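These are the residues of each chain, in order.
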Amino acid sequence: MYATEAHGWSLSTLYKHSEATGMGCGLLVIKARGYDQMIIGAFLTHPVYPHSHHFGTGECFLFSCCFDLNDNLNDDHLDDDGKRNSGDKGNQGKQILTKYGATGKNDYFILANQHDLAIGCGEGRFGLWIGGRGVSKGSSSKCLTYSNPHSLLGPEAKEDFDIEAIELWSLV
């Protein structure tokens, strides 16, 4: 539906593609510059375009996925913590997908305006924020809305980052 590689770096273009397709649920996928083995993002229950208030439902969530290309697993499983580890003999590496669901502490699931897109917030912090000049800058930190205990890029990562690529997928 939208990819920076095909559609450029404009937040308004991302919004136009989301709204024009009548997207129901969507998946926002972000590749942060300098984090070659990781993607982060959010599952969204509504199309994203400017609103005057927060929107979305408690079915929205944040996620991070780390690819460890130096590890080799032989079977798939889902940990009790919700982390998915997968690999096989033909796949050199391990993938760890971590989902951060809604906490129920507030209902600030999605906030979209002409300058910013934020997924989760509270106490002046965002679970995931994109903005700046178009969609070139990002930030992630612990927030009240979702259960992420730190930046989606990891506990040692800086909250602010440059974005290498964004894709927004419509899920049917």
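Residues numbered from 1 in each chain as written. Predicted model: local features only at pLDDT ≥ 70, side-chain atom pairs only at ≥ 80, totals over all residues. Heavy atoms only, no water.

1. So, the overall build of the protein chain
If you tally the helices and strands in the protein chain, you get two helices and twelve strands. Listing each helix as α and each strand as β along the protein chain from the N terminus yields β-α-α-β-β-β-β-β-β-β-β-β-β-β. By the burial criterion, 43% of the 172 residues in the protein chain qualify as buried. For the protein chain, long-range pairs separated by at least 24 residues make up 55% of all intrachain contacts whose partners lie at least 6 apart in sequence. (Helix = DSSP H or I, 4+ residues; strand = E, 2+ residues; numbered from the N terminus. Buried < 20%, exposed > 50% of the residue type's maximum accessible area, 1.4 Å probe, protein only. Contact = heavy atoms within 4.5 Å.)

2. Quick look at the confidence of the model for the protein chain
Looking at the protein chain, pLDDT values average 87 and 85% of them are 70 or higher. Counting contacts from residues 72–79, a segment whose pLDDT is below 50, to residues more than four positions away or on other chains yields 27 contacts. (pLDDT = per-residue confidence, 0-100.)

3. Thoughts on helix H2 (residues 11–20)
Note that an α-helix has 3.6 residues per turn; residues three or four places apart therefore point the same way. Turning to H2, its buried residues number three or more, namely Leu 11, Thr 13, Leu 14, Tyr 15 and Ser 18. Immediately beyond the C-terminal end of H2, within one or two residues, lies Gly 22, with a positive phi of roughly 65°.

4. Structural notes on the pattern of salt bridges
For the structure on display, the rule yields three salt bridges. A salt bridge links Asp 36 to Lys 31, with the nearest nitrogen and oxygen atoms 3.9 Å apart. In this structure Asp 36 comes out as exposed when scored by relative accessible area, which is 62%. Using a relative accessible area of 16% as the deciding quantity, one classes Lys 31 as buried. (Salt bridge = Lys/Arg side-chain N within 4 Å of Asp/Glu carboxyl O.)

5. Quick look at the environment of Ile 166
Among the secondary structure elements, Ile 166 is positioned in strand S12 (residues 160–171). Ile 166 sits 126 residues away from Ile 40 along the chain, and the two C-alpha atoms are 9.8 Å apart. Not counting chain neighbours up to four residues away, the residues in contact with Ile 166 comprise Tyr 2, Ala 3, Thr 4, Leu 14, Leu 28, Val 29, Ile 30, Ile 130 and Val 135.

6. So, the packing of aromatic side chains
By convention here, two paired aromatic rings are described through the distance between centres and the angle between planes. As enumerated under the stated definition, the model contains two aromatic pairs in all. Here the basic side chain of Lys 99 rests over the ring of Phe 61, its NZ or CZ set 5.0 Å away from the ring centre. (Phe/Tyr/Trp six-rings, centres within 6.5 Å; stacked < 30°, edge-to-face > 60°. Lys NZ or Arg CZ within 6 Å of the ring centre and 35° of its normal.)

7. Thoughts on unusual backbone geometry
Look at Glu 123: it is not a glycine, yet its phi comes out positive at around 55°. Tracing the backbone through its elements, the reader meets Glu 123 in the loop between strand S9 (117–122) and strand S10 (125–131).

8. Some points on the side chain of Ser 64
Tracing the chain through its elements places Ser 64 in strand S4 (residues 61–68). Residue classification places Ser 64 among the buried residues on the basis of a relative accessible area of 6%. In contact with Ser 64, other than residues within four places in its own chain, are Met 38, Ile 39, Ile 40, Ile 96, Leu 97, Thr 98, Tyr 100 and Leu 152.

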